[in-house]
Amino acid sequence: MAYTFEKSKELFARAAKVIPQGVYGHLTPVITVPGAYPYFIKKAKGAHFWDVDGNEYIDYICAYGPMILGYAHEKVDEAFAKQAKDGTSCTIASPLMIELAERIVNLNECADWALFAKNGADTTSLAVVLARAHTRRKKIVLAKGGYHGVQPWCVPSLVGVIPEDRQHIIMVEWGDLDEFKEVVKSYKDQIAGALFTPYHHPAFGDSELPKPGFWAEMRRICDDNGIVLIIDDVRAGWRLDLKGSGHYFGFKPDIACYCKAIANGYSISAIVGTEKLRLTAAKAYTTGSYWFNSPEMAAALACIDEMERIDAPAILRERGMALTNGLKELAGAHGLQVTISGPPAIPFMSFSNEEDFMRSQVFCAECSKNGVYFHPHHNWFISAAHTEEDIKKTLDVADKAFKVVKNQFGG
Ligand SMILES: Cc1ncc(COP(=O)(O)O)c(C=O)c1O
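Definitions and cut-offs
Residues numbered from 1 in each chain as written. Predicted model: local features only at pLDDT ≥ 70, side-chain atom pairs only at ≥ 80, totals over all residues. Heavy atoms only, no water. Helix = DSSP H or I, 4+ residues; strand = E, 2+ residues; numbered from the N terminus. Rg over C-alpha atoms; globule rule 2.2 N^0.38 Å. Buried < 20%, exposed > 50% of the residue type's maximum accessible area, 1.4 Å probe, protein only. Contact = heavy atoms within 4.5 Å. Areas by Shrake-Rupley, 256 points an atom, 1.4 Å probe, with all protein chains shown as cover. Lys, Arg positive; Asp, Glu negative; His and termini not counted. Charge placed at Lys NZ, Arg CZ, Asp CG, Glu CD. Pairing = 2+ DSSP bridges. Domains from an automatic or database assignment. Buried area = accessible area lost by both parts, 1.4 Å probe. Salt bridge = Lys/Arg side-chain N within 4 Å of Asp/Glu carboxyl O. Polar contact = N/O pair within 3.5 Å; in protein donor to acceptor, adjacent residues only side chain to side chain. Axes fitted to C-alpha atoms, helices over the stretch in contact; angles between N-to-C directions. Phe/Tyr/Trp six-rings, centres within 6.5 Å; stacked < 30°, edge-to-face > 60°. Lys NZ or Arg CZ within 6 Å of the ring centre and 35° of its normal. Near = heavy atom within 4 Å. Nonpolar A, V, L, I, M, F, W, Y, C, P; charged D, E, K, R; others polar.

> How would you sum up the overall build of the chain? Please name residues and give values.
Across its full length, the chain carries 13 helices and 13 strands. Here the C-alpha atoms of the chain give a radius of gyration of 22 Å, agreeing with the 22 Å that 2.2 N^0.38 yields for 411 residues. Overall, the C-alpha framework of the chain stretches about 60 × 55 × 45 Å when taken along its three principal axes. In the chain, buried positions account for 55% of the 411 residues. Contacts in the chain between residues far apart in sequence, at least 24 positions, make up 74% of those at least 6 positions apart. When the accessible surface of the chain is summed, it comes to about 18600 Å², and 54% of that surface belongs to carbon and sulfur atoms. Distance between charge centroids for the chain: 2 Å, based on 44 positive and 49 negative side chains.

> Go over the pairing of strand S10 (residues 269-273), please, and point to the residues and values.
Across the five residues that make up S10, a large majority, five, are buried. Of the two faces of S10, both are covered, the one formed by Ser269, Ile271 and Gly273 as well as the one formed by Ala270 and Val272. Sheet topology places strand S4 (residues 113-117) next to S10; five bridges connect them, and they run antiparallel. Across the sheet, the residue bridging to Leu115 is Ile271, located in S10. Here four bridges tie strand S9 (residues 255-258) to S10, and the two strands are oriented antiparallel to one another. Residue pairing for S10: Ala256 is matched across the bridge by Val272.

> So what's going on with the environment of Pro66? Residues and values would help.
One can find Pro66 in the loop between strand S3 (56-59) and helix H2 (74-84). For Pro66 and Asn264, which are 198 residues apart along the polypeptide, the C-alpha to C-alpha distance reads 5.3 Å. Those residues in contact with Pro66, other than ones at most four positions away along the chain, are Lys260, Ala261, Asn264 and Gly265.

> Could you give an account of the domain arrangement of the chain, with specific residues and numbers?
A common way to report how large an interface is uses the accessible area buried once the components associate. The domain boundaries assigned to the chain delineate domain 1 (6-64 + 312-409) and domain 2 (74-310). Computed from C-alpha coordinates alone, the two centres of domain 1 and domain 2 are separated by 27 Å. If you look at the interface, domain 1 gives 23 residues, while domain 2 gives 19 residues. Of the roughly 1700 Å² buried between domain 1 and domain 2, counting both surfaces, carbon and sulfur atoms make up 59%. On inspection of domain 1 and its partner domain 2, the count reaches zero salt bridges. Along the contact surface separating domain 1 from domain 2 lie seven residue pairs in polar contact (both at pLDDT 80 or more). Top contributing element to the side of domain 1 that touches domain 2 by residue count: helix H11 (residues 312-333), with five residues.

> If you had to explain the sheet that holds S4 to someone new, which residues and values would you point to?
Spatially, S4-S10-S9-S8-S7-S5-S6 is the arrangement adopted by the seven strands of the open sheet, whose pairing is mixed. Of all the strands in the sheet, just S4 and strand S6 (169-172) have a single pairing partner and so form its edges. Across the sheet, the mean angle from the axis of one strand to that of its neighbour is 20 degrees, orientation sign disregarded. The strands touched by helix H4 (residues 120-135) are S4, strand S5 (139-143), S6, strand S7 (191-196), strand S8 (228-232), S9 and S10; relative to S10, the strand with the most contacts, the crossing angle is about 25 degrees. Relative to the sheet, helix H7 (residues 214-224) contacts S7 and S8, its axis offset from that of S8 by approximately 140 degrees.

> Break down the packing of aromatic side chains for me, citing the residues and quoting the values.
Tallied over the full model, the rule gives 23 aromatic pairs. A ring pair is formed by Tyr37 and Tyr373, whose centres lie 5.0 Å apart and whose planes are at 80 degrees; its orientation type is edge-to-face. Here the residue Tyr37 occupies a position in the loop between helix H1 (6-18) and strand S1 (41-45), and Tyr373 occupies one in strand S13 (residues 372-373), the gap between them amounting to 336 residues. For the ring pair Phe204 and Phe357, a centre distance of 5.7 Å and an interplane angle of 85 degrees mean the geometry is edge-to-face. Within this pair, whereas Phe204 is found in the loop between S7 and H7, its partner Phe357 is found in the loop between strand S12 (348-351) and helix H12 (358-368), the two being separated by 153 residues in sequence. Among the aromatic side chains, those forming a connected cluster through ring pairs are Tyr60, Phe351, Phe363, Phe374, Trp380 and Phe402. Here the basic side chain of Lys43 rests over the ring of Trp50, its NZ or CZ set 4.8 Å away from the ring centre.

> Lay out the site of the ligand with the relevant residues and their values.
What surrounds the ligand is a group of 13 residues, the closest being Gly120, Ala121, Asp232, Arg235 and Lys260. The separation between an oxygen atom of the ligand and a polar main-chain atom of Gly120 is 2.8 Å. A distance of 2.6 Å separates a nitrogen atom of the ligand from a polar side-chain atom of Asp232. Starting from 390 Å² of accessible surface for the ligand in isolation, the protein chains cover 86%. For the shell around the ligand, the per-class residue count stands at four nonpolar, six polar and three charged.

Written out as structure tokens, the structure reads:
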């Protein structure tokens, strides 16, 4: 029997009275398929969550990236809880901060130092500040369709953004070396930093992996022109390679930003950099009320240990391959054309013969109503907690959902 969402809807009506938009930001029901998805969660465990109506889902969004080992992971939760007993936010820093920085610096080839914050945007914004301070230049090059957070220099909406916020931001197509070279030539000695995701993972669009030689050439251009090369690894970090996505794609950025998977859902982010930026990082005034919380640091250490112990990226790749190969096969059997792009650990599926995502919406709504949580126009995330059994069940649900798409659209 297809799921219903009565309690979710009741709660949403209550929320809308006291919370602008009811649920705001990327969790707003408006950007999935209104009426076909749950809005509020009751509990989560492993790769599954249960909504307030009691419906169970195999979850391929993983909290939009933070969940990598499985929800309510015992080792990570225990590390957090044990440390929390000794205080959460304190007046002075914990040695755990040093331990975590050492761990990340030892693991990550481009890292000579690390600083911690709470959210991804804390680190991408700090990266921009450091690039500008280091080079004494103003311009920052970003890719169109990239997401780096909600600060005025990068937020996708223009509400409350003034032209001055974007005055020194230059947008290029991700992966277009010729355009980047042209921009570097036009703004000679004015570009402080180039800030890109390691591969292109826009919402509402197929993901794009770097072409062979792309990152080596980017590295060369940035070196030749004194530009700080920044990698926003907030989303892909730890899912492709525990040494960072720079290592995965064979290059060394000057700064890398991490967040989501670093502590399996506890709120901590990290910015790492090379020796040449150490002094600038020391001079910049950077802090936040909760940036020194030690339980999150203990959780991050436990998460990194566990990711390393089980070789999380290998599991994600294997499960991702099983899922994406299965989906391609099923779509083909139904006479449907799908494109699955991005690394198998972070796949994006679209229907090849449409641009309006209507088939994606019907497919994902059908899956949601039958216990598989996919997003129609955002990439999905695989976790180490997804089992072979989960993938098998998912493909059974997907089979029926493809049938509905075929019946509705004919192909
Ligand atoms: C690539 C990327 N950068 C930055 C961010 C911003 O992170 P946060 O929402 O934690 O500020 C995100 C969030 O989804 C992201 O995917």
